[in-house]
Amino acid sequence: MLKELLSENNLLTKNAKNKKEEEPNSWFILLFQALGGGISAILLLILLGFGLFGFFDEPFALMVVGVIFFGFAYMLLRNEQTNFLEYFAIVFAFMGEGMFLFGIGEAFMPEINVALLLLALFSLFLFFVISSTLHRFLSALVFLGVVTYFAMLWHVQVYFFAFLSILMTWLWLNEYKALKYLNELRTFAYALVLFLLVFANMSSNLILADLSYELLPNQAFSEENYSPFHEYLYYLVGLVSMAMILLKLNIKWNQKLFSAMLVGTFIFYYVQPIGVDVSLAMLILLLAFYGSNRVLMVLGTIGMIQSIFTFYGTFIFDFIFKAKYLLVFGVIVLFLTFLLHLYLGKKQGAVHA
């Protein structure tokens, strides 16, 4: 379906058109080709490594060798390649980047923030230069991780998380608006989803740990990880995300719909398990169903299961209370989903009539 749309708009490259006509290889053949290319590159680097140990004492020389390795990988990846050669080049690219970044770290050892800033800029540069999807995905994760470090350094990680959640919603709702850069946008969007799920899980563990410490004597509750204001901010993120989805569905706004969205979103955020961000997984599932994206469905389901297990693993409440709490939460979510489905069904019926 997507390839036909791209072909009609003359946005398929010659290599992509040829790929469409060719019979695709089986997944296990592609897997063995990728493993063969990666292992071959690793073995070659091991042989070369015996003559490179001396460069680790000289940061500048290490950066030069890293640039040479990276340039070699770029020359291999700039055109369409087989699976074997692609992963062969990716290993060289990772090795070159690692040596270059290690050299930067050695050169700016006292200034760790400068080295991390250069790492973020370098990862962003690699995201656009290297055409490999795997490489772009990992570069995006590194970039997001470093930027989050600076957000935590400046104590704005909650606002940054809210911004990333809205950015994720916008990217998946508008993925086909820039067909020329579809691969780049999708790769970054997938990296963003995975990063947000990991970040949300880490934040939940910190919040639940602080809540546990609050129950102990002589322990102060940390407001940095959790506060009522954070709940209102996430509620605002949920409202903005729901509004974006409804606008994308061409739903006409009125006072009744706006009031229902305010009340429904507030109920969802108010009754969700304490210290666990179920809303992110639910948002990912909504985006998955909107775009019929099976990968997002799997990631959203994993995020939902992870949130439930995290809540079950706390020692704040007893097991029976947590089971009843999740049962009530599930019933409320199903009821809200039924109301939304009923409303959208009426709207679609009115349009067809």
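Please read all numbers here as calculations on a predicted model, not as lab measurements. (Residues numbered from 1 in each chain as written. Predicted model: local features only at pLDDT ≥ 70, side-chain atom pairs only at ≥ 80, totals over all residues. Heavy atoms only, no water.)

Trainee: Explanation requested: the packing of aromatic side chains in the structure shown.
Mentor: Each aromatic ring pair is described using two quantities: the centre-to-centre distance and the angle formed by the ring planes. For the coordinates displayed, the defined rule picks out 16 aromatic pairs. Taking the centre distance of 6.5 Å and the plane angle of 25° together, the rings of Phe122 and Phe125 count as stacked. Separated by 3 residues within a single helix, Phe122 and Phe125 lie in helix α6 (residues 112–129), roughly one turn from each other. Look at Tyr149 and Phe150: their rings are 5.4 Å apart centre to centre, the planes differ by 70°, and that puts the pair in the edge-to-face class. Judged by relative accessible area, Phe150 falls into the buried class, the value being 12%. Each member of the aromatic cluster is reached from another via a ring pair, and the members are Tyr235, Phe266, Phe268, Tyr269, Tyr270 and Phe329. (Phe/Tyr/Trp six-rings, centres within 6.5 Å; stacked < 30°, edge-to-face > 60°. Helix = DSSP H or I, 4+ residues; strand = E, 2+ residues; numbered from the N terminus. Buried < 20%, exposed > 50% of the residue type's maximum accessible area, 1.4 Å probe, protein only.)

Trainee: It is not clear to me how the confidence of the model for the chain should be interpreted in this structure. Could you clarify?
Mentor: Parts of the prediction with low pLDDT should not have their coordinates interpreted in detail. Per-residue pLDDT for the chain has a mean of 76; in total, 72% of the residues score no lower than 70. The secondary structure element of the chain with the lowest average pLDDT is helix α2 (residues 14–21), at 45, and the one with the highest is helix α8 (residues 157–173), at 91. (pLDDT = per-residue confidence, 0-100.)

Trainee: It is not clear to me how a nonpolar patch on the surface should be interpreted in this structure. Could you clarify?
Mentor: Taken together, the side chains of Ile112, Tyr149, Leu153, Trp154, Val156 and Tyr159 present a nonpolar region at the surface, about 580 Å² in accessible area. Mapping Leu153 onto the fold places it in helix α7 (residues 133–153). (Patch = residues over 30% accessible without salt bridge, like charges linked within 9 Å, V, L, I, M, F, W, Y side chains within 5 Å. Areas by Shrake-Rupley, 256 points an atom, 1.4 Å probe, with all protein chains shown as cover. Salt bridge = Lys/Arg side-chain N within 4 Å of Asp/Glu carboxyl O.)

Trainee: What is the right way to look at the pattern of salt bridges in this model?
Mentor: Where charged atoms from two side chains of opposite charge approach closely, those side chains can pair. Overall, the coordinates contain 2 salt bridges when judged by the stated rule. With a shortest N-O distance of 3.3 Å, Glu184 and Arg136 are connected by a salt bridge. Note that Glu184 is positioned in helix α9 (residues 182–214) and Arg136 in helix α7, a separation of 48 residues in sequence. The pair Glu184 / Arg136 is uniform in exposure class, with both members buried. Salt-bridge contacts for Arg186 lead to Glu175; the nearest nitrogen and oxygen are separated by 2.7 Å. A residue pair is termed long-range when its members are at least 10 positions apart, and Arg186 in helix α9 and Glu175 in the loop between α8 and α9 qualify at 11 residues. Overall, the relative accessible area of 8% leaves Glu175 in the buried class.

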